[in-house]
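Residues per chain are reported as follows:
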Protein chains: 2
Amino acid sequence: MNPNALRDKVAIIGMGCTQFGALQDKSFAEQGLEAVNEALADAGIEKDRIEAAWLGTFDPNVGGSFPGYAGDFVADILGMPGLPVTRVTNYCATGMDAMRNAAISVAAGLYDVVLVLGNEKMRDVASRDSLIRQVVTTGHPLVQKGLSAPGLFGLMARRHMAEFGTTREDLARVAVKNHYNGARHPKAMFQKEISLETALNAPMISEPLGLYDCCPTSDGAAAAILCRADLAAELTDAYILIEAIEMATVTGGRYGRRNESLIGFEATQLAAKRAYAAAGIEEPIRAIDVAEVHDCFTITEILNYEDLGFVPKGQGAAFIREGRSSLEGDLPVNPSGGLKCFGHPIGASGVRMTYVIYEQLLGRAGNTQAPVNKNGRGLVHNLGGPGSVCVVGLYHRP
Amino acid sequence: MNPNALRDKVAIIGMGCTQFGALQDKSFAEQGLEAVNEALADAGIEKDRIEAAWLGTFDPNVGGSFPGYAGDFVADILGMPGLPVTRVTNYCATGMDAMRNAAISVAAGLYDVVLVLGNEKMRDVASRDSLIRQVVTTGHPLVQKGLSAPGLFGLMARRHMAEFGTTREDLARVAVKNHYNGARHPKAMFQKEISLETALNAPMISEPLGLYDCCPTSDGAAAAILCRADLAAELTDAYILIEAIEMATVTGGRYGRRNESLIGFEATQLAAKRAYAAAGIEEPIRAIDVAEVHDCFTITEILNYEDLGFVPKGQGAAFIREGRSSLEGDLPVNPSGGLKCFGHPIGASGVRMTYVIYEQLLGRAGNTQAPVNKNGRGLVHNLGGPGSVCVVGLYHRP
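The structure displayed is predicted, hence computed values, not measured ones.

1. Comments concerning the overall build of chain A
Looking only at helices and strands, chain A has 15 helices and 11 strands in total. Against the 2.2 N^0.38 benchmark of 21 Å for 398 residues, chain A shows a C-alpha radius of gyration of 19 Å, consistent with a compact globule. In terms of overall dimensions, chain A has a C-alpha envelope of 55 × 50 × 40 Å along the principal axes. Within chain A, the proportion of its 398 residues that are buried is 64%. Of the contacts formed within chain A by residues at least 6 apart in sequence, a portion of 78% connects residues at least 24 apart.

2. Here we look at the relation of the copies chain A and chain B
If you rotate chain A by 180 degrees and push it 0.0 Å along the axis, it lands on chain B with an RMSD of 0.0 Å. The superposition operator between the copies reduces to a two-fold rotation axis. If distances are taken from each C-alpha of chain A to the rotation axis, the shortest is found for A:A108, at 1.8 Å. Counting the interface residues of chain A, we find that 100% of their copies in chain B are interface residues as well, pointing to one common contact surface.

3. Regarding the interface of chain A and chain B
Each partner contributes residues to the interface: chain A has 55 residues there, and chain B has 55 residues. The element contributing the most residues to the side of chain A that touches chain B is helix α3 (residues 94–107) of chain A, with 5 residues. Partitioning the side of chain A that touches chain B into residue classes produces 26 nonpolar, 20 polar and 9 charged.

4. Regarding the confidence of the model for chain A
Of the residues in chain A, 90% have a pLDDT of 70 or more, and the chain-wide mean is 92. Prediction confidence for the complex, expressed as pTM and ipTM, is 0.96 and 0.95 respectively.

5. So, the domain arrangement of chain A
Residue and element names in this part refer to chain A. Domain boundaries assigned for chain A yield domain 1 (3–127 + 219–240) and domain 2 (138–217 + 242–396). On a C-alpha basis, the centroid separation for the pair domain 1 and domain 2 is 23 Å. Listed as interface residues are 43 residues of domain 1 and, on the opposing side, 40 residues of domain 2. Elements with a contribution of two residues or more to the side of domain 1 that touches domain 2: β1 (10–17), α3, β4 (113–120) and β7 (220–228). Broken down by element, the residue count for the side of domain 1 that touches domain 2 peaks at 8 residues, all from α3.

6. Let's talk about helix α10 (residues 266–279) of chain B
Each full turn of the α-helix corresponds to 3.6 residues, which orients residues three or four apart in the same direction. All names here are of chain B. With 14 residues, α10 ought to run about 20 Å at 1.5 Å a step, and its terminal C-alpha atoms sit 20 Å apart, in line with that. Within α10, 11 of the 14 residues are buried, leaving the element largely enclosed by the surrounding structure. For α10, the complete set of buried residues consists of A267, T268, Q269, L270, A271, A272, R274, A275, Y276, A278 and A279. If you follow the buried residues of α10, they end up packed against β8 (240–249), α11 (284–287), α12 (298–307), β10 (377–384) and β11 (389–396). Phi turns positive one or two residues past the end of α10, at G280, with a value near 70 degrees.

7. A word on the pairing of strand β11 (residues 389–396) of chain A
All names here are of chain A. For β11, a buried count of 8 out of 8 residues is recorded, marking the element as mostly surrounded by other parts of the structure. Here β11 shows no split at all, with V389, V391, G393 and Y395 on one side and C390, V392, L394 and H396 on the other all buried. For strand β8 (residues 240–249) and β11, the ladder comprises 8 bridges, and the chain directions are antiparallel. The partner of I245 across the bridge, within β11, is G393.

8. A look at helix α3 (residues 94–107) of chain B
The end-to-end C-alpha distance of α3(B) is 20 Å, a good match for the 20 Å that 14 residues give at a rise of 1.5 Å each. Where burial is concerned, most of α3(B) is hidden: 14 out of the 14 residues are buried.

9. Some remarks on the packing of helix α7 (residues 168–182) of chain B against α12(B)
Residue and element names in this part refer to chain B. Across the interface, α7 lies against α12 with an axial gap of 8 Å and an inter-helix angle of 95 degrees. Classified by the interaxial angle, the pair formed by α7 and α12 is roughly perpendicular. Note on element contacts: α12 touches α7 through T298, I299, E301 and I302, opposite D170, L171, V174 and A175. Looking at the contact of α7 with α12 residue by residue, the classes come out as 5 nonpolar, 1 polar and 2 charged.

10. Some words on the environment of B:M1
Residue placement: B:M1 occurs in the segment before β1 (10–17). Residue B:M1 is classed as partly exposed on the basis of its C-beta count, with 13 C-beta atoms lying within 10 Å. Those residues in contact with B:M1, other than ones at most four positions away along the chain, are A:E51, A:Y111 and A:D112.

11. Considerations on the pairing of β7(A)
All names here are of chain A. Counting buried positions over the 9 residues of β7 gives 8, a clear majority of the element. Two strands pair when backbone bridges link them, and β1 and β7 are joined in this way by 7 bridges, in the antiparallel orientation. Following the sheet pairing, A11 is matched in β7 by C227. Across 8 bridges, β4 lies against β7 in antiparallel orientation.

12. Comments concerning the nonpolar core
A:A223, A:L226, B:A223 and B:L226 are the most contacted members of the largest nonpolar core, which has 274 residues in total. Ignoring any residue separated from it by four or fewer positions in sequence, one finds A:A223 in contact with A:M15, A:G16, A:A35, A:V36, A:A39, A:L115, A:V116, A:L117 and A:V351.

13. Points about the packing of helix α6 (residues 149–164) of chain B against α12(B)
Residue and element names in this part refer to chain B. As a packed pair, α6 and α12 sit with axes 9 Å apart at the nearest point and diverge in direction by 55 degrees. Of the possible angle classes, the one that applies to α6 and α12 is oblique. Pair α6 / α12 crosses with left-handed handedness. On α12, the residues touching F153, M156, A157 and H160 of α6 are I299, T300, I302 and L303.

14. A short note on unusual backbone geometry
Note: most peptide bonds trans; most residues except glycine with negative phi. Residues and elements named next belong to chain A. The amide bond that connects E207 to the next residue, P208, takes the cis arrangement and shows omega of 0 degrees. Structurally, P208 is set in the loop between β5 (204–206) and β6 (209–210). Its identity as a non-glycine residue notwithstanding, Y91 has a phi of 50 degrees, on the positive side. Tracing the chain through its elements places Y91 in the loop between β3 (85–88) and α3. For Y91, a count of 26 C-beta atoms within 10 Å corresponds to the buried category.

15. Observations concerning the environment of A:S195
Among the structural elements, A:S195 can be located in the loop between α7 (168–182) and α8 (196–201). Along the chain, A:S195 and A:A175 lie 20 residues apart, while their C-alpha atoms are 9.0 Å from each other.

What counts, and where the lines are drawn
- Residues numbered from 1 in each chain as written.
- Chains lettered and ligands numbered in written order.
- Predicted model: local features only at pLDDT ≥ 70, side-chain atom pairs only at ≥ 80, totals over all residues.
- Helix = DSSP H or I, 4+ residues; strand = E, 2+ residues; numbered from the N terminus.
- Rg over C-alpha atoms; globule rule 2.2 N^0.38 Å.
- Buried ≥ 20, exposed ≤ 12 C-beta atoms within 10 Å, placed from the backbone.
- Contact = placed C-beta atoms within 7 Å.
- Least-squares fit on C-alpha atoms with pLDDT ≥ 70 in both.
- Nonpolar A, V, L, I, M, F, W, Y, C, P; charged D, E, K, R; others polar.
- pLDDT = per-residue confidence, 0-100.
- Domains from an automatic or database assignment.
- Expected span 1.5 Å × (residues − 1).
- Pairing = 2+ DSSP bridges.
- Axes fitted to C-alpha atoms, helices over the stretch in contact; angles between N-to-C directions.
- Parallel < 35°, antiparallel > 145°, perpendicular 65-115°, else oblique.
- Core = buried A, V, L, I, M, F, W, Y, C linked by C-beta atoms within 7 Å.
- Left-handed = near helix turned anticlockwise from the far one by under 90°.

What follows is the structure, given as structure tokens:
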């Protein structure tokens, strides 16, 4: 194993992202093609330069995404018969695992230029075909036992409160920050600030998580053009480099529950440790300028602060309380508004987070721009499962 | 693009395969673990050597395969929390695309030893959740128009008959050959010879395809241990090398039907052309000793002879009629019995075909052994879609 095999071998030379939301005026194909075309235009290359592609779509049975069942969908929308396209799917970490496999192929020297498309539609759903319904009828063991995602993350919030004194106000502060940021990103699903009172008084979903503690279900697509780092400067003026993309898949508790903690995600801790080792990072809080992390619920963002090593375990609530993750803080987290406000079309999210970090590192983030002058380095954290798969990506300016 | 990037960089040092069939006494986890354990024992290594894995499972909603929704299933059954596991899915070519992505990661120098598991259950199906039913309700455009797989391949058979004089007897000869071979492979689903009359008099499924022209739906799993070629000799006595694994994804006809032929698969032609170029092969019939090809229907095997360049277009029927693809022929095809007799658990098939070629090249194929003395080279052909995805792999003895 050589964790440095990816380091600075692969560049991101173009990215695209649709508006996220309930895109009932766009088909799965239309939203996917929009993201790809934006990425191609951004890179300034013709589609014929693309030699292979990876599609990240989590569940084509949810409704509207059926064409994403396999890779031929991408060859179809591009009108590029013959393009090799792999579909990757790995719960909510699907997007970053597609990025990972694509980056590996470039690092292997097999391809010079490849495409990654994260694409998902979740809103065109007849309720009898809904994801939750399918999961319940076909068998995820946690959900079968009555543990929906809000139920499970609610339990973790309770445990964090009992263990470390985290409060509902701390959770609400994550929502307020992410709504503040999302209100400033033109492609976010929710572009509206909220107050602490609004968050605290919202309808309860699963104690202690209220409506504003939960990310929405969304439609959306995001695309990336990757190329050999040594070709990047020939192809484009502005690009970033991949330092590391590391994944950890932790058992889902199917065949005997391990003695897992409810106050953190081992998958995040392992993936982060590997990514930091590959990039030579010892103090994440100093080494990273800006981060997009997987805030499917507000408690998840607090757990992420700790699991990613921004602060020690138990100090996540203080990190938000003291404003350290705000746009003006010492490590701005989710300048885009996060899953909470940008939206969470499952297979798209990891690629969308990379899009946001790409914008940030290139200084193109407009009203959501964080200072990125410490190291010119950004982090993406994509979690799935719940908690059974994590991919951490590190990117930096050349 | 460097199509030689894989060539001889990756070895297969161990393989395993379950009995194929209606495995109602085994769960998805049990059959998957059985294949992995056999591969580990064959390689003579401990599971802790595995640094990453790729899971090929096509459709976890079919019934019984739900744990294969994402990679954590593999970490679960191995009891290896932290293992990075990607799930790949690409219609019936899922297994070989998983092999391809795994091989790329080793060629990239990222991992030394990786696992590929193809795993699918198709028999534990309530009819309302059946694959065909889901496809019909959720939208594959061909199937929605009434074209089931037998319907589409039946049309192709008719076209081949009209164009080249291929007969129902020629199709039946493929079934007779594959049943002859399958009867000799201890892990095949159908281990029974049939006569030409039996094939010709069987119930009609979709004109001109009768029951014996169609592969069955099956449960099964197959696994491969891949490692850096330069480590192979340290780890094991017997191994084979990957020369090339090339994929082509042709548009599925969703957004405007291209002017495609019904007498062949462009995906196969393209993937084969790329693989032959990567391996420096000019005359496949001379360069390849043994092949496992995707005979989902008997007509498909005849089309494959032509699309893979074993004979010119239109001469596929003569190839079976003259016995050239039999165990004693000049290029034995499907010595295992093929999908037709070995069975076709979708995500497992590509890995299972590789298992058979591995057996053949190592001289371990017992009653199904073909002579492999020309070049010590075998071919695997895995098709999906229908016809929209193809992966061709070339393997040889070191």
